[in-house]
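Analysis of the macromolecular model
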Amino acid sequence: KSWGLIAGVKLPTGNTGANFTAGTNAGQPLDAGLQIGTGSTDIILGGYTSGSIHEYGWFAQGTVQRAVATDAALAGASYRPGDAYTINTGVRYAEFGARVTPLLQLNIIKRQADSGTGVPLDPITNVPVSGGTLAYVAPGVSVRAGDGMSFYGFVQLPVYQKVNSLQIVPQYTMTLGVRQSFE
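This text gives an overview of the structure that appears in the document. Keep in mind the model is a prediction, meaning the values are calculated, not measured. (Residues numbered from 1 in each chain as written. Predicted model: local features only at pLDDT ≥ 70, side-chain atom pairs only at ≥ 80, totals over all residues. Heavy atoms only, no water.)

**Considering the pairing of strand 2 (residues 40-53)**
Heads up, the condition is: Should DSSP find at least two bridges between two strands, the strands are taken to pair. To qualify as a helix, a DSSP run of H or I must reach at least 4 residues; to qualify as a strand, a run of E must reach at least 2; elements of each kind are numbered from the N terminus.
Where strand 1 (residues 2-10) lies against strand 2, 9 bridges are found, and the strand directions are antiparallel. Note that in strand 2 the partner of I6 across the bridge is G46. Bridging between strand 2 and strand 3 (residues 56-70) involves 14 bridges; their strand directions are antiparallel. Bridged to S52 within strand 3 is G57. Here strand 2 folds back onto strand 3, and the loop between the two strands holds 2 residues, one of which, H54, carries a positive phi near 55°.

**Focus: the layout of surface pockets**
Using the following cut-off: Both site types are read off a 1 Å grid over the protein atoms alone. A 1.4 Å probe that fits but cannot get out defines a cavity, while an open set with protein on both sides within 12 Å along at least five of seven lines defines a pocket; lining residues have an atom within 4 Å of a point. Grid points are joined across faces, edges and corners, and a volume is the space filled by probe spheres set on the points. Ten residues, namely Ala, Val, Leu, Ile, Met, Phe, Trp, Tyr, Cys and Pro, are considered nonpolar, four, namely Asp, Glu, Lys and Arg, are considered charged, and the remaining ones, Gly among them, are considered polar.
The volume enclosed by the largest pocket comes to roughly 1,100 Å³. What lines the largest pocket is a set of 34 residues, among which F59, R92, L103, Q105 and R179 lie closest to the centre. Put simply, the parts of the chain that give the lining of the largest pocket at least two residues each are strand 2, strand 3, strand 4 (84-93), strand 5 (100-111), strand 6 (132-146), strand 7 (149-163) and strand 8 (173-180). For the lining of the largest pocket, the class distribution of residues is 12 nonpolar, 18 polar and 4 charged. One number sums up the size of the second largest pocket: a volume of about 730 Å³. Taken together, 35 residues line the second largest pocket, and the ones lying closest to its centre are G33, R111, S130, G131 and Q167. Elements supplying a minimum of two residues to the lining of the second largest pocket: strand 2, strand 3, strand 4, strand 5 and strand 6. With 3 residues, the top contributor of residues to the lining of the second largest pocket is strand 3. Residues of the lining of the second largest pocket, tallied by class, amount to 18 nonpolar, 12 polar and 5 charged.

**Observations regarding unusual backbone geometry**
This is how the line gets drawn: Only protein chains enter the area calculation, which uses a 1.4 Å probe; residues under 20% of their type maximum are buried, those over 50% are exposed, and those in between are partly exposed.
The phi dihedral of N126 falls on the positive side, at around 60°, and the residue is not glycine. Inspection of the secondary structure assignment puts N126 in the loop between strand 5 and strand 6. Among the residues examined, N126 registers a relative accessible area of 54% and is labelled exposed. Located in the positive-phi region is D147, a residue other than glycine, with phi close to 55°. In this structure, D147 sits in the loop between strand 6 and strand 7. Relative accessible area serves as the criterion here: at 78%, D147 is assigned to the exposed category.

Listed below in structure tokens is the structure:
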């Protein structure tokens, strides 16, 4: 069994001044939520625990992300991304083989609506066009390559999607990664 704390900072990287390139809004600034960057510095705090039961390994992790400083110059509008709460839990089957480990995760994210003058409102419901709750099941695999290196991949498939107003939500997402352990 192990446990630990998670702490991080998200810096205000990414473009916050992009404009619409076509349509009736061509040349006008994109809505703050559509910009590549948020213009905010965020603090990320959380914790994790992991362990094993017989041939199964398990983990649980939770984080909170909150903007603590925002860039008020986003296309001349104020903008603050909504707080995000995530819970991830999963299992792995350790007895499958020496190199290949099947994995299964459940990922849940609850994101509050963005706030500020740069946040568009739904013209019918007057609700911010951001925020919601999403849940995914994510089957995956990890493959050991040797010398402390392994590769992993997941496909996140939505099992629950409830968003404020009309938003684009993914039909699936894919994650590929490399992990290096130093001993």
